[in-house]
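Listed below, chain by chain, are the residues.
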Amino acid sequence: MCGFAGYITKEGLAKNYKDDLLEMMNAIIHRGPDDSGSHIDDMAGLGFRRLSIIGIENGKQPMYNEDGSIVVVFNGEIYNYKEIKEELINKGHLFKTQADTEVLVHGYEEYGPDVVQKLRGMYAFAIWNRKKKELFIARDIFGIKPLFYTETKEGDFVFGSEIKSLLKFPNVKKEFNPEALESYLSFQYSVLPETFFKGIYRLSPAHCIIWKDGQMDIKRYWKPEFKPDENISFDEAVKKVNKVMKDSIEAHKISDTEVGGFLSGGVDSSYIVARSDLDKTFSVGFDYPNCNETPLAKTLSEYVGVKNKSKLITTEEYFEEFPKIMNHCDEPLSDPSCIALYFLCRLASEQVKVVLSGEGSDELFGGYNIYKTPYALKPVKIVPKVVRKGVANVMKKIPFRFKGKEYMIRAGMDLEDRYIGNAYIYHTDEVYKLLKNPVKKYIPEDIVKPLFAKVKDADDVTKMQYIDINTWLWGDILNKADTMSMAHSLEVRVPFLDREVAKVAFSIPAKHRVNNKETKRYFRAAANEFMPDVTAERKKLGFPIPVRNWLREDKYYNLVKSVLESEESAKFFNIDYLVNLLDEHYNNKCDNSRKIWTVYAFILWYQKHFSVAA
């Protein structure tokens, strides 16, 4: 796990930015405190920060081919690099190192851009072909590793692992993008290709770019495709997932340093720990009722015979660290669990450089509770759609909340008109009331509409999984995992998000994934073979964060209110509307905690990145 930054300029100008390249590298030193390296020629500058994991002695980057015409900087791990290396040696390529990076060098020589079809792992990389004067950059299939880029008006192409490094290049202008705010308020994270910084874009998962002569060609090289085999029995599904996960976990353990594991009380991380033969595991909880999973983690660690180190996070610590963490984030992320993950990564980094984690299981196997909705709505499907739609329209106009209201609204809407992913914070009409000057360029349903079109013939559970794999997974889950872990120079590996695991997951029929009582059914059955039933069968909780409770306590109500009423907040939001949401929540009239927190996180982030003092 590392970080890189670079630029391509007009011929003869690259060396003018030598000092700026160093600044770009220093901006991401947290991603790689162990080593650094750079390459500068007439057109290109590539800088690298290294966290040494594989090929510690001889894995320095940038890395070159024999004649120095191919230059590579790479962030991530290639888990099948030994197999690729053997294949390339048989084709006549000579290797100088034991590092996985070198398979990119010779793989690109042999296969060109198609080298991405060979890779099993998490990665973002840039390859500069000095002879062709061509840049090739790519991001892994799920978006585990980040990659950003921009084009300047001077004709430079600038790229890197984090936005903060791009902003150190002198021709890149720092400008806020209001379009990103509007969609963020609905999705809870930055979902558009263009980031919160105008003109700076994220490379989407499973995409690559070829840049040559000032022209940029973006292509998608892999797609998640559900092809369920209805003939697979439930028992066969259990055997298949256990077999492929054994292989994936072993691949993800490849390291020249010790590997630890995250451990909550849930099935995902517990399954990985139970099958990984690790020595150290790490857990966090809150010193708040019903928000502490460390006892469950301790039970599981004792069951499988591993050491467990845990920490209880105090409410004071949480609120104290939150603004600092928003300063570290390239873009605002309002998922409250990102702070818990920050503390967890800090705890683990005190003892290890690499940890295994359970991200991706819910998206691939069907683990979110919301995936049971299609079964919950099934009884009312006998009512004509026109009647259900009419009732839903009436329900939407009723200003107050009551039990059953959301159910009747959902019953009258097609999935495509009501589901934008795992979170839906502010609906469009609410966004327009909240913002002083809404841009009104995108609405959430239009953003996901092209994705729904790709799975139009699938069942509703599969559609929901597909939406989440293509949005929520990289935008929230993997974003916070990379950001929080890299803040502590820690490599997080995710064995569920593997090419071979995906093949199995996409072949399992929906009936084995979810029913009206249980999510990721076949995976829970698989987990039962390795851990106590109470762990394998636990309901999906995620990190339980007591935000709704905190916002009803005077101290934190007043702290958050002061931010909502701040000068920065007034630039964007109708303060009276915002404070009313807070007061409704404080007075226990309704639960507005996620809406409040989404705005609160953004304002703290904006204060750190765009206020006069930033």
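Everything in this summary refers to the structure shown in the same document. (Residues numbered from 1 in each chain as written. Predicted model: local features only at pLDDT ≥ 70, side-chain atom pairs only at ≥ 80, totals over all residues. Heavy atoms only, no water.)

**Here we look at a negative patch on the surface**
Stated formally: Residues enter patches when their relative accessible area tops 30% and they take part in no salt bridge; the joining distance is 9 Å for like charges and 5 Å for the nonpolar side chains Val, Leu, Ile, Met, Phe, Trp and Tyr. The Shrake-Rupley method, run with a 1.4 Å probe, gives the accessible areas here. Residue values count only the displayed protein chains as cover. Each reported salt bridge corresponds to a side-chain nitrogen of Lys or Arg within 4 Å of a carboxyl oxygen of Asp or Glu. Think of it this way: Lys and Arg go in the positive column, Asp and Glu in the negative one, and His and the chain ends go nowhere. Note on charges: their place is set at NZ of Lys, CZ of Arg, CG of Asp or CD of Glu. Where helices and strands are cited, they refer to DSSP runs of H or I of at least four residues and of E of at least two residues respectively, numbered from the N terminus. Buried residues are those whose accessible area, probed at 1.4 Å on protein chains only, stays under 20% of the maximum for their type, while exposed residues exceed 50% and partly exposed ones sit between those limits.
A contiguous patch of negative charge on the surface is contributed by D229, E230, D235, E236 and D459. Mapped onto the secondary structure, E236 falls in helix α6 (residues 234-252). For E236, a relative accessible area of 41% corresponds to the partly exposed category.

**Structural notes on the pattern of salt bridges**
Working definition: two side chains of opposite charge can pair if their charged atoms are close together. Here the structure, examined in full by the defined rule, presents 35 salt bridges. A salt bridge links E331 to R202, with the nearest nitrogen and oxygen atoms 2.9 Å apart. Placement of the pair is E331 in the loop between α9 (315-328) and α10 (337-349) and R202 in strand β10 (residues 200-202), with a sequence separation of 129 residues. Of the residues examined, E331 reaches a relative accessible area of 7% and is grouped as buried. For the salt bridge of K324 with E320, the shortest nitrogen-to-oxygen distance reads 3.8 Å. Of this pair, K324 and E320 both sit in helix α9, separated by four residues, roughly a single helical turn. One network of salt bridges, with partners in common, ties together R31, K145, E162, K164, D330 and D482.

**Observations concerning the pairing of strand β11 (residues 207-212)**
Applied cut-off: Paired strands, in this sense, are two strands between which DSSP finds at least two bridges.
Here strand β7 (residues 134-139) pairs with β11 via five bridges, running antiparallel. Looking at the pairing, I137 lines up with I209 of β11. In the sheet, β11 pairs with strand β12 (residues 215-220) via six bridges, with the strands oriented antiparallel. Looking across to β12, one finds that I209 is bridged to I218.

**Points about the side chain of D468**
Selection rule: Note on contacts: a residue pair qualifies if any of its non-hydrogen atoms lie within 4.5 Å across the two residues.
Tracing the sequence through the fold places D468 in helix α18 (residues 460-470). Of the side chains bearing the opposite charge, R594 lies closest to the buried D468, which forms no salt bridge; the N-O distance is 10 Å. The contact partners of D468, leaving out residues within four places of it in the chain, are E363, Y368, Y371, Y419, G421, N422 and L473.

**Points about unusual backbone geometry**
The step from Q61 to P62 runs through a cis peptide bond, and the omega angle for that step is -5°. By the secondary structure assignment, P62 is in the loop between β3 (44-50) and β4 (63-64). Backbone geometry at K520 places phi at a positive 30°, although glycine is not the residue there. Locating K520 in the fold gives a position in the loop between α21 (510-513) and α22 (521-527). What makes K520 buried here is its relative accessible area of 0%. The backbone phi angle of N588 is positive, close to 65°, even though this residue is not glycine. With respect to the element layout, N588 can be found in the loop between α27 (575-586) and α28 (593-610).

**Side note on the packing of α10 against helix α19 (residues 472-486)**
Worth spelling out the cut-off: Geometry is summarised by axes, namely lines fitted to C-alpha atoms with helices restricted to the contacting stretch, and by angles between N-to-C directions that run from 0 to 180 degrees. Any angle that is under 35 degrees is reported as roughly parallel, and any over 145 degrees as roughly antiparallel; angles of 65 to 115 degrees are reported as roughly perpendicular and all others as oblique. For a crossing to be left-handed, the near helix must be turned anticlockwise from the far one by less than a right angle; the clockwise case is right-handed.
The contact between α10 and α19 brings their axes to 8 Å, and the two run at 40°. The angle between α10 and α19 places the two elements in the oblique class. As for the relative orientation of α10 and α19, their crossing is right-handed in sense. For the pair formed by α10 and α19, the contact residues are S337, C338, L341, Y342 and C345 on the first element and K480, A481, M484 and S485 on the second.

**A word on the sheet that holds strand β1 (residues 2-8)**
Taken in spatial order, the six strands of this open sheet run β2-β3-β1-β9-β8-β10, and their pairing is antiparallel. With one partner strand each, in any of the chains shown, β2 (35-40) and β10 form the two edges of the open sheet. Averaged over all adjacent pairs, the angle separating strand axes in this sheet is 15°, with direction ignored. Note that strand β8 (residues 148-151) and strand β9 (residues 157-160) share four bridges and pair antiparallel. The residue of β9 that forms the bridge with F148 is G160.

**What about α28?**
Owing to its 3.6 residues per turn, the α-helix aligns residues three or four sequence positions apart on the same side. The cut-off we apply is this: For a helix, the expected span equals 1.5 Å multiplied by the residue count minus one.
Along its 18 residues, α28 runs 25 Å from first to last C-alpha, staying within 8% of the 26 Å computed at 1.5 Å per residue. Among the 18 residues that make up α28, 15 are buried, leaving the element largely enclosed by the rest of the structure.

**Re the nonpolar core**
We count it as follows: By convention a nonpolar core is built from buried Ala, Val, Leu, Ile, Met, Phe, Trp, Tyr and Cys residues, the set being connected through side-chain atoms within 4.5 Å.
With 175 residues, the main nonpolar core has F142, F573 and F602 as its most contacted residues. Among the elements that make up this core, the one with the highest residue count is α28 (11 residues). If we ignore the near neighbours within four places in the chain, the residues touching F573 are L181, L185, L434, L435, K436, L578, V599, F602 and I603. The next biggest cluster of nonpolar side chains, apart from the first, holds 21 residues, and it includes M43, V71, I137 and Y149.

**Some remarks on the side chain of E194**
In this fold, E194 is placed in the loop between α5 (178-187) and β10. For the buried residue E194, which engages in no salt bridge, the nearest side chain bearing the opposite charge is K198, 4.4 Å off. With near-sequence residues (within four places) excluded, E194 lies in contact with N177, E179, A180, G199, I200, Y201 and R202.

**Concerning the sheet that holds strand β16 (residues 354-356)**
Strand pairing in a sheet relies on backbone hydrogen bonds, with the paired strands running either antiparallel or parallel. One open sheet accounts for five strands, arranged β15-β14-β13-β16-β17; its pairing is parallel. This sheet does not close on itself; its edge strands, each paired only once, are β15 (307-313) and β17 (491-493). Between one strand axis and the next, the sheet turns by 30° as a mean value, whatever way the strands run. Of the pairings in the sheet, the one linking strand β13 (residues 259-262) to strand β14 (residues 280-286) comprises two bridges and is parallel in character. By the bridge assignment, F262 is partnered in β14 with F282. Each of β13, β14, β15 and β16 touches α10; the most contacted strand, β14, lies at about 145° to it.

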